[in-house]
There are 2 protein chains.
Amino acid sequence: MEKIKQKDINRENLLNEGVALLMQQGYHGTGLKEILDAVKIPKGSFYNYFGSKENFAAEIISHYIEPYLVQLNGYLDESEGNALAALNRYLQEGIAELERTKFKGGCLLGNLMGEVGDTSEICRNALQVSLNSYRDVWEIGLSRAQSEGTIRSDKTAREMADLWVNAWQGALLRMKIEQSTAPLKQCQQALLGDFFKA
Amino acid sequence: MEKIKQKDINRENLLNEGVALLMQQGYHGTGLKEILDAVKIPKGSFYNYFGSKENFAAEIISHYIEPYLVQLNGYLDESEGNALAALNRYLQEGIAELERTKFKGGCLLGNLMGEVGDTSEICRNALQVSLNSYRDVWEIGLSRAQSEGTIRSDKTAREMADLWVNAWQGALLRMKIEQSTAPLKQCQQALLGDFFKA
DNA sequence: TAAAATAATACGACTGGTTGTCTCATTTTG
DNA sequence: CAAAATGAGACAACCAGTCGTATTATTTTA
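Residues numbered from 1 in each chain as written. Chains lettered and ligands numbered in written order. Predicted model: local features only at pLDDT ≥ 70, side-chain atom pairs only at ≥ 80, totals over all residues. Heavy atoms only, no water.

What follows is about the relation of the copies chain B and chain A. Superposing chain B onto chain A takes a rotation of 180 degrees combined with a translation of 0.0 Å along the rotation axis, leaving an RMSD of 0.0 Å. These values place the two chain copies in the arrangement generated by a two-fold rotation axis. Within chain B, the C-alpha atom positioned nearest to the axis of rotation is that of A167 of chain B, 1.8 Å from it. Interface residue correspondence from chain B to chain A reaches 100%, placing this contact among same-surface, isologous pairings. (Least-squares fit on C-alpha atoms with pLDDT ≥ 70 in both. Contact = heavy atoms within 4.5 Å.)

As structure tokens, this is what we get:
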């Protein structure tokens, strides 16, 4: 039985459109109707798939982060022997993409942490899980770079990964209001190119 | 003529309540009525004071950051000879306050950068100005610490101030979803206590 | 200075539109 | 046939913003 269910297609479409719209307009700034119209799915179906807008948002959060985890893991797996180079390549690719989309949106996690991080328990949880798993991948990458001698070892990889994620989130916010990827490049250079260097 | 106009009192009350509510619920998550009811001011008056919700939000942003600038400048002025200690004391006070308020809200600038940073031009501008002036005060403090020999001088104070502001914004977001000031303390220790040290 | 004219502010009911949620008859599916 | 999925619409609550009128200040005139 390898039948592709329409329900799953619809769910996927809704999640994709949800990611795109929530990223640009935020949770409260995006109405369900807007998403529903975009993928041509009636409200009744929506409430059959997801129980509420809040649950939907929580699923969107997990759906959003997954490709980033896959991509970063991919870069790390490919480049044997130079994890630091893989991290930098991953960032370069991300920055290029943000320039292509004219800095719109930024990071959905960062935006939603600020907007609903302390009003929706469900979303808070999803955000926590997603952000931690993203941090974990960075920790692995930095740890590998440490054993390769390109990253300093007097600080734990975990500490640096946390600092990195924080600074990157801040840089993404500043990118949005400065309409420029300069904050991102500066952040990358300051940490990966300087402070974290062996 | 030192008459205190009711209009100015009302404006001030609206801005204060606006800061409090926007910080917790965000821009789209907070209705004007909610603010108006809290300070008992009718709709018509509001639109007489501010032209729109968007303009109001932009004024809220400037109104929000001012006390922080004053406070940090105050700490820097007082502690002659040890700017780094002043920065740390300022942070300690801020962290204590956030613990008192149970991590609610975080930083209004960070939250609004994410939510309306690329949808409202007026707010984007206000955010940019406010964040830059905050960064500037940090630059002054770090620069003073450099000449006092407590902060490394192989990086510019401006670079470190930018990195600091970014990392701090990220740490505030993570505080919200982890419901703990641990990310803040970790951030303070990692940068002021380690990477920035002379 | 007193009266009249003008301007500024205060007010809240109201508008048109949108929100998230839910109901229910119909269709599809196992 | 029974259960699940679908789709269109109903619903009350809420939204930002408007408008005509009432009140208060300020300025002009005599």
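In this section: the nonpolar core. Core analysis: the biggest nonpolar cluster contains 142 residues, and W138 and F196 of chain A together with W138 and F196 of chain B have the highest contact counts within it. Beyond its immediate chain neighbours, meaning those up to four positions away, W138 of chain A contacts L72, L87, Y90, L91, A161, W164 and L192 of chain A. (Core = buried A, V, L, I, M, F, W, Y, C linked by side-chain atoms within 4.5 Å. Buried < 20%, exposed > 50% of the residue type's maximum accessible area, 1.4 Å probe, protein only.)

This part takes up the protein's contact with DNA strand C. Surrounding DNA strand C, one finds 16 residues, the nearest of these being L32, K43, Y47 and K53 of chain A together with Y49 of chain B. Here, DNA strand C places atoms within 4 Å of the protein, and 57% of those atoms are sugar or phosphate. Measuring from a phosphate oxygen of DNA strand C, one finds a backbone N or O atom of L32 of chain A at 2.7 Å. The side chain of K43 of chain A places a nitrogen or oxygen atom 3.1 Å from a base oxygen of DNA strand C. Contributions of two or more residues to the surface near DNA strand C are made by α2 (32–39) and α3 (43–49) of chain A together with α3 (43–49) of chain B. Tallying contributions element by element places α3 of chain B first for the surface near DNA strand C, with five residues. Grouping the amino acids of the surface near DNA strand C by side-chain chemistry returns four nonpolar, six polar and six charged. (Near = heavy atom within 4 Å. Polar contact = N/O pair within 3.5 Å; in protein donor to acceptor, adjacent residues only side chain to side chain. Helix = DSSP H or I, 4+ residues; strand = E, 2+ residues; numbered from the N terminus. Nonpolar A, V, L, I, M, F, W, Y, C, P; charged D, E, K, R; others polar.)

This part takes up the protein's contact with DNA strand D. In the region of DNA strand D, 14 residues are neighbours, and Y49 of chain A together with L32, K43, Y47 and K53 of chain B sit closest. Taken together, the sugar and phosphate atoms account for 54% of what DNA strand D places within 4 Å of the protein. Between DNA strand D and K43 of chain B there is a distance of 2.8 Å, counted from a base oxygen to a side-chain nitrogen or oxygen. A distance of 2.8 Å separates a phosphate oxygen of DNA strand D from a polar side-chain atom of Y47 of chain B. The set of elements that each furnish at least two residues to the surface near DNA strand D consists of α3 of chain A together with α3 of chain B. Tallying contributions element by element places α3 of chain A first for the surface near DNA strand D, with five residues. Considered class by class, the residues forming the surface near DNA strand D number four nonpolar, six polar and four charged.

What follows covers helix α2 (residues 32–39) of chain B. Residues and elements named next belong to chain B. What α2 keeps buried is the set L32, I35, L36 and V39. Projected onto a plane normal to the axis of α2, the buried residues spread over an arc of 100 degrees and lie on a single side. Directly after α2, the chain includes K40, whose backbone phi takes a positive value near 55 degrees. (Arc of directions from axis to C-beta.)

Summarising the element assignment, L163 of chain A is placed in helix α8 (residues 157–178). Classification of L163 of chain A as buried rests on a relative accessible area of 3%. A C-alpha to C-alpha distance of 9.5 Å links L163 of chain A and R135 of chain A, two positions 28 residues apart in sequence. Setting aside residues up to four positions removed in sequence, L163 of chain A forms contacts with L191 and F196 of chain A together with A167, A190, L191 and F195 of chain B.

With respect to the helices and strands, the residue K176 of chain A is situated in helix α8. For K176 of chain A, a relative accessible area of 0% corresponds to the buried category. Here G114 of chain B takes part through its backbone oxygen, which lies 2.7 Å from a polar atom of the side chain of K176 of chain A. For K176 of chain A, the residues in contact, after removing those within four places along its chain, are M23, F103, G105, G106 and N111 of chain A together with M113, G114, G117, D118 and R124 of chain B.

Accessible area lost upon the coming together of the parts is a frequently used measure of interface size. Between chain B and chain A, the contact holds 45 residues from the first and 45 residues from the second. Buried surface at the junction of chain B and chain A, both sides included, amounts to about 3900 Å², of which 58% is carbon and sulfur. It is R174, I177 and F195 of chain B in chain B that bury the most area against chain A; as a group they hold 20% of the surface buried on that side. Put simply, D162 of chain A and R174 of chain B hold a salt bridge, and the shortest N to O gap is 2.8 Å. In this structure, the connection of chain B to chain A is made through 14 residue pairs in polar contact (both at pLDDT 80 or more). Breaking the side of chain B that touches chain A down by element, the ones donating at least two residues are α1 (6–25), α6 (108–116), α7 (121–147), α8 (157–178) and α9 (182–195) of chain B. (Buried area = accessible area lost by both parts, 1.4 Å probe. Salt bridge = Lys/Arg side-chain N within 4 Å of Asp/Glu carboxyl O.)

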